[in-house]
Amino acid sequence: MPQGDRLSLWSAAGAAGDLSARFLSGHDATVALGDLADGSVLSGRGRELRGCSVLVATRSQLTAALALVELDSIARRLILYPPDLAAEHAAFVMASAEVDAIVSDHAAPEWESAAVRSRVIGNSKIEPANDDRTPRHQTEWILFTSGTTGRPRMVVHTLASLAGAIASAAPASPVVWSTFYDIRRYGGLQIFLRVVLGGTSLVLSSARDSTADFLIRAGRHQVTHISGTPSHWRRALMSPAARCIAPQYVRLSGEIADQPILDHLHAFYPHARVAHAFASTEAGVAFEVRDGSAGFPASLIGQPGDVEMRVEDGSLRIRSPRTATRYLGDGERRLAGEDGFIDTGDMVELRGDRYYFAGRRDGVINVGGMKVHPEEVEAVINRHPRVRMSLVRTRKNPVTGALVVADVVLRAEPEDSEPGRNVETEILQLCRDVLPRHKVPAAIRVVPELAFAATGKMVRCHA
Amino acid sequence: MPFWGPIEMSVRAAVLQQFKQVAREQSKRLAPLDDDLPLLDSGLDSLCFAIIVARLEDTLGVDPLSAAEDIRFPVTLGDFVRFYENAAR
């Protein structure tokens, strides 16, 4: 973990392992990290960006990744602009983050009118340059929250808060990481920093790749460690290309990892350790669960240590050095309570000696005064062997205000299946067996696919 | 003497069928279905009615309880059936 304010991502990268043997691979190029020693992706204009608040707004993840390595501790602030963010938010971002320089690899109308000191064209080709990378700033890293509706929030991190969960010891055998996430999002950034600080290599995803193309590319680079949301993984397992990788370690985060997806991954990749992690952009990485079961041991709550957790009013609260420090451009909005604990908005339920995630507080469906978390119903539906994934949503109703309904994506029918089996009826029966009446979907609709956000999470429309 | 055309008949049949099916699914004892039966005495609760209304919207394409500007809720089974017959007309 980087300590103090005179350590940069660049120097930590070199300290973590031989740079020449490590690579970053994107959709259309692969570069050796070592080439950055006397090279740059910033068209030789890196020094102009010293002390600036730099918006990194590239289409290419590879260009963004290399620019971040070059600019940490050089720029005063780095704003990791996700390419999927709506253009209407550009003015808010520019003003709130006091942007005075832009690194981009394409012409974008929303930035053209902006009054900034420098516009640097970044590209994923490392060209010879001799930039002074003496650390001068403790750079603020600005990340966007992954909410799907309304104006996104910007949160302020430092390299130290982002890297709090990352061990700097280089692995004994070569590790090649990959992630379905975009590295401009918290979940992806964790993997990127793990690679740079942990002495390993990385295969980046790309919005231009299909799931199959990405898996094939990851397989070509012999990826050993790979992360994504449960939705990413459910989609990956639908692709024959899932056989192109043989990971040793599979990680899930960003959504609730239910038992069926953990079991499917374990069965599909029998040699992999399957772990799920809890993290959020605001609260940072809290913990990782490696025992193959959904939820987490209740003993984690109230334990002293770097990451402190407690449950209050049903939601998980976290205090740790890995949390963000504040919001940017959101007035007086506070990130944490007086005592430093952040309310994650993730509701948990204690069953036996384990806590299980029930769903998001703001996603609750109210059926005649009774609360339903869509995720708890999905977890039951997903137990049916024919179900690949499901989305439970609200349907307006004049009697109870709302009802629960479900969209499900099925796996291909097995050859030996009995004719005339009605999967919808079986799913409903499964729900009736374990859920209270108001949580059982009033209707089940079989759909060919479910919508994803660029964050890798399922699109949920809150009532 | 009212004329029960095929459309009215099928709306009535669709409504009664949902009453029976939802009662079965929800393990409710359904009272004998006649037009004077007060809905509150039918043996179904509000969740059952919510499901019936949603299913009828799917099968008949109308939701008269949401659409009605005058939100007088039907009191008897006969009222309920007429709501749907009028809306489906």
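Residues numbered from 1 in each chain as written. Chains lettered and ligands numbered in written order. Predicted model: local features only at pLDDT ≥ 70, side-chain atom pairs only at ≥ 80, totals over all residues.

**Notes on the sheet that holds strand β16 (residues 284-289) of chain A**
Residue and element names in this part refer to chain A.
Then, number 1: Spatially, eight strands are ordered β2-β1-β12-β11-β13-β14-β15-β16 in an open sheet, and the strand pairing comes out mixed. Edge positions in the sheet fall to β2 (30-32) and β16, since each of these pairs with one other strand and no more. The mean inter-strand angle of the sheet, taken between neighbouring strand axes irrespective of direction, is 20 degrees.
Then, number 2: Where strand β1 (residues 23-25) lies against β2, three bridges are found, and the strand directions are antiparallel. Along β2, the bridge assignment pairs leucine 24 with valine 31. (Pairing = 2+ DSSP bridges. Helix = DSSP H or I, 4+ residues; strand = E, 2+ residues; numbered from the N terminus. Axes fitted to C-alpha atoms, helices over the stretch in contact; angles between N-to-C directions.)

**Focus: the domain arrangement of chain A**
Residues and elements named next belong to chain A.
Then, number 1: Segmenting chain A into domains produces domain 1 (9-350) and domain 2 (364-446).
Then, number 2: Computed from C-alpha coordinates alone, the two centres of domain 1 and domain 2 are separated by 33 Å.
Then, number 3: In this assembly, seven residues from domain 1 lie in contact with seven residues from domain 2.
Then, number 4: Residue classes in the side of domain 1 that touches domain 2 are distributed as four nonpolar, one polar and two charged. (Domains from an automatic or database assignment. Contact = placed C-beta atoms within 7 Å. Nonpolar A, V, L, I, M, F, W, Y, C, P; charged D, E, K, R; others polar.)

**Examining the pairing of strand β10 (residues 154-158) of chain A**
Residues and elements named next belong to chain A.
Then, number 1: Taken together, the five bridges between strand β9 (residues 140-144) and β10 define a ladder with antiparallel strand orientation. In the sheet register, tryptophan 141 faces β10, and the bridge partner there is histidine 157.
Then, number 2: In terms of strand pairing, β10 meets strand β20 (residues 326-328) through three bridges, oriented antiparallel. Among the inter-strand pairings, valine 155 is bridged to a residue of β20, identified as tyrosine 327.

**Considering unusual backbone geometry**
Then, number 1: Despite not being glycine, serine 43 of chain A shows a phi value in the positive range, around 55 degrees.
Then, number 2: Serine 43 of chain A gets classed as partly exposed once you count the C-beta atoms within 10 Å, which come to 15. (Buried ≥ 20, exposed ≤ 12 C-beta atoms within 10 Å, placed from the backbone.)

**A closer look at the packing of helix α10 (residues 374-381) of chain A against helix α11 (residues 423-434) of chain A**
Residue and element names in this part refer to chain A.
Then, number 1: At their nearest, the axes of α10 and α11 sit 9 Å apart, and the two run at 120 degrees to each other. In this view, α10 runs oblique relative to α11, as classed from their interaxial angle. In this structure, the crossing between α10 and α11 has a hand that is right-handed. For the pair formed by α10 and α11, the contact residues are Val377, Val380 and Ile381 on the first element and Ile427, Leu430, Cys431 and Val434 on the second.
Then, number 2: The residue makeup of the contact of α10 with α11, split by class, is seven nonpolar, no polar and no charged. (Parallel < 35°, antiparallel > 145°, perpendicular 65-115°, else oblique. Left-handed = near helix turned anticlockwise from the far one by under 90°.)

**Here we look at the packing of helix α1 (residues 9-16) of chain A against helix α6 (residues 186-198) of chain A**
Residue and element names in this part refer to chain A.
Then, number 1: The interhelical angle for the contact between α1 and α6, taken along N-to-C directions, is 60 degrees, at an axis separation of 6 Å. By the angle between their directions, the pair α1 and α6 is classed as oblique. Mapping the contact onto sequence places Leu9, Ala12, Ala13 and Ala16 in α1 and Val196, Leu197 and Gly198 in α6.
Then, number 2: A class-by-class count of the residues in the contact of α1 with α6 yields six nonpolar, one polar and no charged.

**Considering the sheet that holds β20 of chain A**
Residues and elements named next belong to chain A.
Then, number 1: The strand order across the open sheet built from seven strands is β7-β6-β4-β5-β9-β10-β20, with neighbouring strands paired in mixed fashion. With partners counted over all chains shown, the strands left at the sheet margins are β7 (118-121) and β20, one partner each. Averaged over all adjacent pairs, the angle separating strand axes in this sheet is 25 degrees, with direction ignored.
Then, number 2: The strands touched by helix α2 (residues 61-71) are β4 (53-57), β5 (77-80) and β6 (101-104); relative to β4, the strand with the most contacts, the crossing angle is about 160 degrees.

**Concerning helix α4 (residues 77-88) of chain B**
Then, number 1: End to end, α4 of chain B covers 17 Å across 12 residues, agreeing with the expected 16 Å (1.5 Å per residue, within 8%).
Then, number 2: Leu77, Phe80, Val81, Phe83, Tyr84 and Glu85 of chain B are the residues of α4 of chain B that are buried. (Expected span 1.5 Å × (residues − 1).)

**Notes on helix α2 (residues 46-60) of chain B**
Residue and element names in this part refer to chain B.
Then, number 1: Along its 15 residues, α2 runs 20 Å from first to last C-alpha, staying within 8% of the 21 Å computed at 1.5 Å per residue.
Then, number 2: All of the buried residues in α2 are Leu47, Cys48, Phe49, Ala50, Ile51, Ile52, Val53, Ala54, Leu56 and Glu57.
Then, number 3: Glycine 61 sits one or two residues past α2 and shows a positive phi near 80 degrees.

**Considering the environment of glycine 34 of chain A**
Residues and elements named next belong to chain A.
Then, number 1: Residue position: glycine 34 is located in the loop between β2 and β3 (39-40).
Then, number 2: Exposure remark for glycine 34: the 17 C-beta atoms within 10 Å place this residue in the partly exposed category.
Then, number 3: Along the backbone, glycine 34 and cysteine 52 are 18 residues apart, and their C-alpha atoms lie at a distance of 25 Å.
Then, number 4: For glycine 34, the contacting residues outside a window of four places in its chain are Leu19 and Ser20.

**Thoughts on the nonpolar core**
Then, number 1: Ranked by internal contacts, the top residues of the largest apolar core, which has 106 residues, are Val54, Val56, Ala65, Leu66, Leu78 and Ile79 of chain A.
Then, number 2: If we skip the residues at most four places from it in the chain, leucine 66 of chain A touches Leu24, Val31, Leu36, Val41, Ser124 and Ile126 of chain A. (Core = buried A, V, L, I, M, F, W, Y, C linked by C-beta atoms within 7 Å.)

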